[in-house]
Amino acid sequence: MESITQSSVPARELERLFALVHHDPHSILGAHPTARGIVVRAWQPGAARVELLVEGEAGRQMLLTHSRGLFELLVEDRTGMFPYRLRVHMPDGNVSTRHDPYAFLP
């Protein structure tokens, strides 16, 4: 499992998300523009590894930023929103590719 780096999301917001009481999970999860590029966040509890898949490009490993399964990646070479999928690797070796429901507008 990737070493954990700290999420840029305030701890209080994450606790609401993990408790399933956050009023707007889309404000945390999915793709969000920043001054440095697009940050993509995905909550995949139990996953050993998550890759960001953009059509026509190699998969990009996301960083585990919270032990409860929050993965993040700053995509510095993008300034606008883009379609993507997630490739989720579980500890038992199962791998699935899926659409991120937070990749779509609410």
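Computed from a predicted model, the values in this text were never measured in an experiment. What you see as residue numbers is a count from 1 along each chain, following the sequence as written. Thresholds applied to this predicted model are a pLDDT of at least 70 for local features of residues and 80 or more for the giving and counting of side-chain atom pairs; totals over whole chains, interfaces and linings are not thresholded and use all residues. Excluded from the side-chain calculations are hydrogens and water; all other atoms, namely the structure's heavy atoms, are used.

Some words on the pattern of salt bridges
Reasoning step 1: Salt bridges are defined by distance alone: a side-chain nitrogen of Lys or Arg within 4 Å of a carboxyl oxygen of Asp or Glu. Tallying each qualifying case throughout the model produces nine salt bridges.
Reasoning step 2: In this structure, Glu 13 and Arg 16 form a salt bridge, with 2.8 Å as the shortest nitrogen-oxygen distance. Of the two residues, Glu 13 and Arg 16 both sit in helix α1 (residues 11–18), three residues apart, roughly one turn of that helix.
Reasoning step 3: Each residue's exposure class comes from its accessible area (1.4 Å probe, protein chains only) as a fraction of the maximum for that residue type: buried when under 20%, exposed when over 50%, partly exposed otherwise. According to the relative accessible area criterion, Arg 16 is partly exposed, its value standing at 29%.
Reasoning step 4: Arg 87 is the salt-bridge partner of Glu 51, the closest N and O atoms lying 3.4 Å from each other. Put simply, DSSP H or I for four residues or longer makes a helix, DSSP E for two residues or longer makes a strand, and each gets a number counted from the N terminus.

Overview of unusual backbone geometry
Glycine aside, negative phi is the norm for most residues, and most peptide bonds take the trans geometry.
Reasoning step 1: Even without glycine at this site, Leu 20 takes up a positive phi of about 65°.
Reasoning step 2: For Leu 20, the location among the structural elements is in the loop between α1 and β1 (30–34).
Reasoning step 3: Looking at Leu 20, the relative accessible area reads 69%, which means it is exposed.

Topic: the sheet that holds strand β2 (residues 37–43)
Reasoning step 1: With respect to topology, four strands assemble into an open sheet ordered β1-β2-β6-β5, the strand pairing being antiparallel. At either margin of the open sheet sits one strand with a lone partner, and together these are β1 and β5 (63–66). Shown here is a sheet whose adjacent strand axes are inclined to one another by a mean of 30°, direction ignored.
Reasoning step 2: Pairing between β5 and strand β6 (residues 70–75): three bridges, direction antiparallel. Its bridge partner being in β6, Leu 64 is matched across the sheet by Phe 71.
Reasoning step 3: In what follows, a contact means two residues having at least one pair of non-hydrogen atoms within 4.5 Å. For helices, the fitted axis covers only the stretch in contact; all axes are lines through C-alpha atoms, and the angles between them, taken along N-to-C directions, range from 0 to 180 degrees. Across the sheet, α1 lies against β2, β5 and β6, angled at about 95° from β5, the strand it touches most. Pairing between strands is defined by DSSP: at least two bridges between them are needed.

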